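Below are the chains, spelled out letter by letter.
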Amino acid sequence: MTETSSALADVTTNRPQPRASVMEIAAYVPGKSKGSHGVTRHKLSSNETPLGASPKAQAALIDLAGALELYPDGSSTALRDAIATVHGLNPNRIICGAGSDEVLSLLAYGYLEPGDEAIYSEHGFLVYDIAIKAAGATPVIAPEKDLTTDVDAILARVTDKTKMVFIANPNNPTGTYLPFDEVRRLHAGLPSTVLLVLDAAYAEYVRRNDYDSGMELAATSENVVMSRTFSKIYGLASLRLGWCFGPDHVIDTLNRIRGPFNVNGPALVAGIEAVKDKAFVEAAVQHNETWLPWVTNELEGLGLKVTPSVGNFVLIHFPDEAGKGADAADEWLLERGCVLRRVTNYGLPNALRMSIGSEEANREIVALLSDFLKK
């Protein structure tokens, strides 16, 4: 060992040391928000709604501006009541958080410890891996079938160390989903001591007869929870707001470890109005119902493969040839101020994820990709 490396070793060992599992975490990297020259025409990298937030939610936010010195309701009572009324749930079995990310992390902290294992699918949401490792547990990745969660692959990886299974349904970034009979089959195959977490962040967009968010299963089971977010169809991503519904004993566990004021006041008042504004939500659904198939058909017409999606985004696969791959397409779009999402960190190096945007954005991206493939 050289004198320099020896000195460096002394410095790094003579200071507080993080847990080993934390240092194994690859920090979450969000999608880009700006084009190559700092100018953004269309940002379609974060699955944000092109319709913005409900005017009623915006008005509630403005009304709160004169009371920012006051602490918010630490129990999110009015918001839980509003959510419960809209969805027909028991408000005492709901917990709210700073985005569904916080809820997912609380579940991991509440139920996982070193020596435990938690399973998620091959192209599942990256926050699962972070939450599992942060809790000191070991992530187990189950391969997918046709970019779709594979129930048999998950069940084959369950051991006596398994304490939790995370399923994003629909899944991000693939846009695929599990029919509810498959979710029930998964649940039936799990030991009663394993907590099944159904992450339904994009549930409001799905219009398939064989889909269910998992609300009923969470209502009738002792080991199932369903998480939701206000960041997508409700357009409140900036406020960070999410919630979870599950058995009393799970909600009690999470309430013991969450922060005393984990949801801020602006998020609370905006969330109440957003969840009640059914007309606004339906308008967002109809926009997606119009433009999701249009974008898919147009991109396929260019010769690109698009994974069938039920969310508000599509996963676009590019040719395996020089100058035509996802990296080149990404650079081409960024040069023109259009931002899509690279998904290399999801194990999909030759694909881009495109959020469904405004009519103008959708048409422009398709036109630019057409030019790119012709050049």
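Treat the numbers as computed from the prediction; the structure is a model and nothing was measured.

### Quick notes on helix H10 (residues 248-257)
The periodicity of an α-helix, 3.6 residues per turn, causes residues three or four positions apart to be oriented the same way. Of all the positions in H10, only Val250, Ile251 and Leu254 are classed as buried. Buried residues of H10, viewed axially, fall in a sector of 95°; they line one side. Of the surrounding secondary structure, the elements contacted by the buried residues of H10 are strand S2 (94-97), helix H5 (99-111), strand S6 (195-199), strand S7 (224-229) and strand S8 (242-245).

### Quick notes on the packing of helix H3 (residues 55-63) against helix H11 (residues 265-276)
One can describe the packing of H3 onto H11 by two numbers: an axis separation of 8 Å at closest approach and a directional angle of 150°. On the basis of the axis angle, H3 is roughly antiparallel to H11. Once H3 is placed against H11, the crossing between them reads as right-handed. For the pair H3 and H11, contact is made by Lys56, Ala57, Ala60 and Leu61 and by Pro266, Val269, Ala270, Glu273 and Ala274, respectively.

### A short note on the side chain of Asn312
With respect to the helices and strands, the residue Asn312 is situated in the loop between strand S9 (305-307) and strand S10 (313-317). Judged by its relative accessible area of 1%, Asn312 is buried. A polar atom in the side chain of Asn312 sits 3.1 Å from the backbone oxygen of Asn47. Setting aside residues up to four positions removed in sequence, Asn312 forms contacts with Asn47, Glu48, Tyr202, Tyr205, Asn288, Ser355 and Ile356.

### Notes on the UniProt feature "modified residue: N6-(pyridoxal phosphate)lysine" (unreviewed entry) in the chain
Per the UniProt annotation, the sites labelled "modified residue: N6-(pyridoxal phosphate)lysine" (unreviewed entry) are Lys232. With respect to the secondary-structure elements, Lys232 resides in the loop between S7 and S8. Exposure remark for Lys232: the relative accessible area of 15% places this residue in the buried category. Apart from the residues lying within four places of it in its own chain, the contact partners of Lys232 are Ser46, Asn47, Thr49, Ala201, Tyr202 and Tyr205.

### Digging into the pairing of S8
Along a regular strand, successive side chains alternate from one face of the sheet to the other. Alternating residues of S8 divide into Gly242 and Cys244 and Trp243 and Phe245, and every residue in both groups is buried. Here S2 pairs with S8 via four bridges, running antiparallel. Bridge pairing in S8 places Cys96 opposite Trp243.

### As for the UniProt feature "domain: Aminotransferase class I/classII large" (unreviewed entry) in the chain
As recorded in UniProt, the sites labelled "domain: Aminotransferase class I/classII large" (unreviewed entry) are residues 43-366. For residues 43-366, the end-to-end C-alpha separation is 14 Å, with 40% helix and 17% strand making up the annotated structure.

### Points about the nonpolar core
Grouped together as the largest cluster of nonpolar side chains are 58 residues, with contacts concentrated most on Phe230, Leu236 and Trp243. No other element matches the six residues that H11 contributes to this core. Setting aside residues up to four positions removed in sequence, Leu236 forms contacts with Ala53, Ala57, Phe230, Ser231, Ala270, Gly271 and Ala274. Among the nonpolar cores identified, the runner-up in size contains 33 residues, and Phe125, Phe166, Leu195 and Tyr346 belong to it.

### Focus: the sheet that holds strand S3 (residues 117-121)
Spatially, the seven strands line up as an open sheet ordered S2-S8-S7-S6-S5-S3-S4, and their pairing is mixed. Each of the sheet's edge strands pairs with one partner strand only, and the pair in question is S2 and strand S4 (138-142). Between one strand axis and the next, the sheet turns through 20° on average, direction left out of account.

### Here we look at the packing of aromatic side chains
Evaluation of the coordinates by the stated rule reveals 10 aromatic pairs. Considering the side-chain rings of Trp332 and Phe372, the 6.1 Å spacing of their centres and the 55° angle between planes classify their relative orientation as tilted. You can see Trp332 sitting in helix H13 (residues 326-335) and its partner Phe372 sitting in helix H14 (residues 359-374), a full 40 residues away along the chain. Neither residue differs from the other here; Trp332 and Phe372 are each classed as buried. Of the aromatic side chains, those joined through ring pairs into one cluster are Tyr120, Phe125, Tyr128 and Phe166. Positioned over the ring face of Phe313 is Arg353, at 5.9 Å from the centre of the ring.

### Some details on the sheet that holds strand S13 (residues 351-355)
Note on sheets: strands pair through backbone hydrogen bonds, and any given pair is parallel or antiparallel. Spatial strand order, S9-S10-S13-S12: four strands in an open sheet with antiparallel pairing. At either end of the open sheet lies a strand with only one pairing partner, and these are S9 and strand S12 (341-342). Sheet topology note: the S12/S13 ladder contains two bridges and is antiparallel. In the strand pairing of S13, Arg341 is matched with Arg353.

### Some thoughts on the packing of helix H12 (residues 278-301) against H14
It is at 10 Å that the axes of H12 and H14 come closest, and there the two elements cross at 5°. In terms of orientation, H12 lies roughly parallel with respect to H14. Every residue of H14 that contacts H12 at His287, Trp291, Trp294, Val295, Glu298 and Leu299 is listed here: Glu359, Asn362, Arg363, Val366 and Leu369. Of the residues that constitute the contact of H12 with H14, the class distribution is six nonpolar, two polar and three charged.

### With respect to the pattern of salt bridges
By the definition in use, this model includes 13 salt bridges. One salt bridge in this structure joins Lys163 and Asp116, with 3.6 Å as the shortest N-O distance. Taken together, the positions of Lys163 in strand S5 (residues 162-168) and Asp116 in the loop between H5 and S3 put the pair 47 residues apart, joining distant regions of the chain. The salt bridge involving Lys276 is made with Glu273; its shortest N-O contact spans 3.6 Å. Taken together, the residues Lys276 and Glu273, both in helix H11 and three residues apart, mark about one turn of the helix. When its relative accessible area of 46% is taken as the criterion, Lys276 is described as partly exposed.

Reading the values: rules and limits
Residues numbered from 1 in each chain as written. Predicted model: local features only at pLDDT ≥ 70, side-chain atom pairs only at ≥ 80, totals over all residues. Heavy atoms only, no water. Buried < 20%, exposed > 50% of the residue type's maximum accessible area, 1.4 Å probe, protein only. Helix = DSSP H or I, 4+ residues; strand = E, 2+ residues; numbered from the N terminus. Arc of directions from axis to C-beta. Contact = heavy atoms within 4.5 Å. Axes fitted to C-alpha atoms, helices over the stretch in contact; angles between N-to-C directions. Parallel < 35°, antiparallel > 145°, perpendicular 65-115°, else oblique. Left-handed = near helix turned anticlockwise from the far one by under 90°. Polar contact = N/O pair within 3.5 Å; in protein donor to acceptor, adjacent residues only side chain to side chain. UniProt positions renumbered as here; feature names shortened; annotations may be inferred. Pairing = 2+ DSSP bridges. Core = buried A, V, L, I, M, F, W, Y, C linked by side-chain atoms within 4.5 Å. Phe/Tyr/Trp six-rings, centres within 6.5 Å; stacked < 30°, edge-to-face > 60°. Lys NZ or Arg CZ within 6 Å of the ring centre and 35° of its normal. Nonpolar A, V, L, I, M, F, W, Y, C, P; charged D, E, K, R; others polar. Salt bridge = Lys/Arg side-chain N within 4 Å of Asp/Glu carboxyl O.

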